[in-house]
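# Observations on chain architecture
This is what each chain is made of:
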Amino acid sequence: MASDKYTEHLAANDGKPDISGILRIREKLKEILKPDRYEHSISVSFTSICLAMRYGEDLHRAELAGLVHDCAKQFKHDELIRRCREDGITLTEDMLKAPQVIHSVYGAVYARKLFGIEDPEILSAVYYHTLGRAEMTMLEKIVFTADYIEVRRCKAARLPEIRQLAFTDLDRCIYEIMKDTMQYLKQSGSYICRDSLDAFQYYKNLQDKQHQEAKHDN
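This report concerns the structure included in the present document.

Scoring rules and cut-offs
- Residues numbered from 1 in each chain as written.
- Predicted model: local features only at pLDDT ≥ 70, side-chain atom pairs only at ≥ 80, totals over all residues.
- Heavy atoms only, no water.
- Core = buried A, V, L, I, M, F, W, Y, C linked by side-chain atoms within 4.5 Å.
- Buried < 20%, exposed > 50% of the residue type's maximum accessible area, 1.4 Å probe, protein only.
- Helix = DSSP H or I, 4+ residues; strand = E, 2+ residues; numbered from the N terminus.
- Contact = heavy atoms within 4.5 Å.
- Phe/Tyr/Trp six-rings, centres within 6.5 Å; stacked < 30°, edge-to-face > 60°.
- Lys NZ or Arg CZ within 6 Å of the ring centre and 35° of its normal.

## Section: the nonpolar core
In this structure, L29, V68 and Y106 are the most contacted members of the largest nonpolar core, which totals 67 residues. By residue number, the principal contributor to this core is helix α7 (residues 102-115), which donates nine residues. Those residues in contact with L29 that sit more than four places away from it in its chain are Y38, L67, C71 and F115.

Written out as structure tokens, the structure is:
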């Protein structure tokens, strides 16, 4: 089975790969991903570690989730849809209208199949790193944010501000990322999934509540 050589390192270390396991996973990712996507994955991994240090999340889980978050990115949309159907993964009409999110949905399954990762929180962080969702776990928040702010990213207009915010107020950072992403998708005429809209509304409501509470305290 393809995952055997990765699984043995995970099983021997309470689900957390030792350096040998990490190096093997990097080696495989370098083989299957385009060079810029591989570098992005490495950067997201290290950025996830930094955020985990800041917010008290397990460093090894953050490293692994960040490393494999785009493991299914090399597949074209038609191939992703076919693989999802073969593996019994339900794709909503929303997802089919926004195919850019499907790599993360399938990626959670592919990371388990390819690398033997069974930790549900790691797999969930892979699943939601593009869609987002309301009430994300800390690990989901970290990978979602790291994917946006890592050093190879350069196109978003407010990146310097958002990068600083990531280490001071993570929920507000997520709101700002979602707000800018929604604006970009609307301007480009791209379809926005209902799950992403619900996630945006949830984090917007959090910010509105905090503002109201701060105003009341003053």
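Now that the structure has been shown, the text picks up again.
## Structural notes on the side chain of S45
Along the polypeptide, S45 turns up in helix α3 (residues 35-55). If we skip the residues at most four places from it in the chain, S45 touches E63, G66 and L67.

## A short note on the packing of aromatic side chains
One pass over the structure, following the stated rule, counts six aromatic pairs. Ring centres of F75 and Y110 lie 5.2 Å apart, and the angle between their planes is 75°; on these two criteria the pair is classed as edge-to-face. Residue F75 is found in the loop between α4 (59-68) and α5 (77-86), and its partner Y110 is found in helix α7; the two are separated by 35 residues along the sequence. The residues F75 and Y110 share a single accessibility class, namely buried. Cluster of aromatic residues (ring-pair linked, three or more members): F75, Y106 and Y110. Residue placement shows R133 over the ring face of Y128; its charged tip is 5.0 Å from the ring centre.

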